[in-house]
Structure formats: C-alpha cells, structure tokens
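As a plain string of letters, each chain reads:
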Amino acid sequence: MSGHSHAANIAVKKAKTDAAKGKIFTKVGREIAVAAKNNPDPTTNSKLADAIAKAKAVNMPNDNIKRCIAKAAGELSGDNYEELTYEGYGPNGSAVIIKALTDNKNRTVDYVRTAMRKHGGSLGNAGCVSFTFETKGVIIIERTPDLEEDVVMEYALEAGADDFIAEDDAFEVYTSVASFSDVRKYLESKGLNFFEAQIEMLPQNEITLEGDDLAKFKRLIDALEDLDDVQNVYHNVNLPEDEE
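Residues numbered from 1 in each chain as written. Predicted model: local features only at pLDDT ≥ 70, side-chain atom pairs only at ≥ 80, totals over all residues. Heavy atoms only, no water.

### Quick notes on the overall build of the protein chain
Reasoning step 1: The helix and strand inventory of the protein chain stands at eight helices and eight strands.
Reasoning step 2: Burial status across the protein chain gives 46% buried among its 244 residues.
Reasoning step 3: Pairs at least 24 residues apart make up 70% of the contacts formed inside the protein chain by residues separated by at least 6 positions.
Reasoning step 4: Accessible surface for the protein chain amounts to roughly 12400 Å². Of this, 45% is attributable to carbon and sulfur atoms. (Helix = DSSP H or I, 4+ residues; strand = E, 2+ residues; numbered from the N terminus. Buried < 20%, exposed > 50% of the residue type's maximum accessible area, 1.4 Å probe, protein only. Contact = heavy atoms within 4.5 Å. Areas by Shrake-Rupley, 256 points an atom, 1.4 Å probe, with all protein chains shown as cover.)

Take a look at the structure:
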C-alpha cells in the first residue's frame, strides 16, 4: 500500500486539530444520525456500528452517541441530513473530493463552491477525479510499548485485512469496504485502541506541490474542513509530513 505510509501521523494530528476546533463530535454525530436513521440497533446495522467505532476513536462520550441515535430514531427532535459528494480540482490540477452531510443542499454547494473558488480551485462534474481514488477501510491502531508488531499483524491477517503497515506511533490496517466491519470488530475484540476507524478514499497516485501552489492548497483544504457541513476531504497531494 505504497503512498499511504503517512496515514498514521495524519490520523493523530487530524484528531488533535479537529478536537481543538471543537467540531469533531458534531461531524461524527451527524454520521451516527444518518447511519441510525432506518435502524438504530448497531448489532444489526453494520454502518451504525462502524460510525460508533469512529466516534469512540475520537473519544466521543457514550451519552453523546446515545443522543445521536435517539434523534435518528425519532425519540428526540433532530435534523434530517443528506449525504453529498463533490469533486473538483485544486491548485495545479490537484484532485479533491468533498464528502458532506447537510440539511440544506443549496447552502452547502454554495459554501463549497465559494471555498474552492477563493483558494484557486473549482468544482467539477461527478466522477471527474474519483476514478483516481480507491475506497478502502482504514484502521489506525495506537502503538503502545506492550503491543508487539508481530501480534498485531497476525490479528490483522486473521481478521482478513488487505494490508498492514507498522509506523513509529501506530499500526495501519487496510481493508476492502466489504470486510471493513468484520476486521474492525475482530481488532476491537482484541482490546486494541484506534486513532481512526473509517472508510476513506485513498489516491492511487499522489502529486507534489511547491511554493505558492502548496500554500494555496493548504488554505483550500483548511477552508473546506472548516465548513460545518463538510465531513471529510480527500485529495491526492503528498503534503510535507510537518504540514499534515
């Protein structure tokens, strides 16, 4: 799985950044609400179980999780969110995919389009860049002194993972979309702690930006991630490690 060796560092830094912004619980809460809309039971709804695992990975309190599920089940008043995907181009032809959850499609596309245009990007048609990405399950496991690499790798292979990468601070496990839930459950049953556990879009090839293009691109990604309706932003730029 070459090209994704910085995933662990990204996951750790992103979790800290999102927490500092105070937005991560809101974003994950929306995912739980959408997943629980038609079936609020995580034992029979794998999408909801995956969303809950993601929430636990960012230390979302159980009360918050239960409240999001209750809203989706109609026990509490809540908004109805729609899942949207936008594709486009950043500086120097870089590829950007934006995943959003919104209760107002017109508002969201206007905000996304404005952020793209302001920072040297533009929205494209559906499918314009997604064909250059691969959808995979990504699980980033916290590496602790008492956790042996060989043991975790064995767990991952036993669970049916596609790939395993050991980093200094974490272990990366990659799965197919179909096997993600089963792999996650198996690793959870082994008592492993996750920095991240979710379905992601990974670029098949990365590009490098420099100078003004890199500065513009970083501002673009920051602007998109700051939007309340935006859940995830995927791209094909190989950012310097200290900027991820």
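Moving on from the model shown.
### Notes on the environment of Thr114
Reasoning step 1: Following the sequence through the fold, Thr114 ends up in helix α5 (residues 105-118).
Reasoning step 2: Note on Thr114: relative accessible area 35%, which makes it partly exposed.
Reasoning step 3: Note: C-alpha distance between Thr114 and Leu224 (110 residues apart in sequence) is 9.6 Å.

### Brief notes about the sheet that holds strand β1 (residues 82-89)
Reasoning step 1: A sheet is described by the order of its strands in space; here four strands give the open sequence β3-β1-β2-β8, paired in antiparallel fashion. Two strands bound the open sheet, and with one partner strand each, they are β3 (122-123) and β8 (230-235).
Reasoning step 2: Where β1 lies against β3, two bridges are found, and the strand directions are antiparallel. Across the sheet, the residue bridging to Tyr89 is Ser122, located in β3.
Reasoning step 3: The sheet contacts of helix α2 (residues 24-36) involve β1, β2 (95-102) and β8, and relative to β8 the element is tilted by about 105°.
Reasoning step 4: Sitting on the sheet, α5 is in contact with β1, β2, β3 and β8, with an inclination near 20° to β1. (Pairing = 2+ DSSP bridges. Axes fitted to C-alpha atoms, helices over the stretch in contact; angles between N-to-C directions.)

### Here's the deal with a negative patch on the surface
Reasoning step 1: A surface patch of negative charge is lined by Glu148, Asp150, Glu154 and Glu158.
Reasoning step 2: Summarising the element assignment, Asp150 is placed in helix α6 (residues 149-159).
Reasoning step 3: Using a relative accessible area of 54% as the deciding quantity, one classes Asp150 as exposed. (Patch = residues over 30% accessible without salt bridge, like charges linked within 9 Å, V, L, I, M, F, W, Y side chains within 5 Å. Salt bridge = Lys/Arg side-chain N within 4 Å of Asp/Glu carboxyl O. Lys, Arg positive; Asp, Glu negative; His and termini not counted. Charge placed at Lys NZ, Arg CZ, Asp CG, Glu CD.)

### Regarding the pairing of strand β5 (residues 163-166)
Reasoning step 1: Judged from the four bridges that link them, β5 and strand β6 (residues 170-175) form a sheet pairing that is antiparallel. Following the sheet pairing, Phe164 is matched in β6 by Val173.

### Section: the pattern of salt bridges
Reasoning step 1: Scanning the entire structure with this criterion turns up 10 salt bridges.
Reasoning step 2: Between Lys54 and Glu31 there is a salt bridge, with its nearest N and O atoms 2.7 Å apart. Taken as a pair, Lys54 in helix α3 (residues 46-57) and Glu31 in helix α2 lie far apart in primary sequence, 23 residues in all.
Reasoning step 3: Looking at Lys54, the relative accessible area reads 12%, which means it is buried.
Reasoning step 4: The salt bridge involving Lys136 is made with Asp162; its shortest N-O contact spans 2.7 Å. Taken as a pair, Lys136 in strand β4 (residues 133-142) and Asp162 in the loop between α6 and β5 lie far apart in primary sequence, 26 residues in all.
Reasoning step 5: It is possible to trace a salt-bridge network through shared partners that takes in Arg30, Asp103, Arg107 and Asp229.

### Some points on α6
Reasoning step 1: Within α6, burial applies to Val152, Ala156 and Ala159. What you see down the axis of α6 is that its buried residues fit within an arc of 70°, all on one side. More than 90 degrees from the buried face of α6, the exposed residues found are Asp150 and Leu157.
Reasoning step 2: Tucked into the core, α6 has its buried residues touching β4, β5, β6 and α7 (180-189).
Reasoning step 3: In the stretch just after α6, Gly160 is the one whose phi turns positive, near 100°. (Arc of directions from axis to C-beta.)

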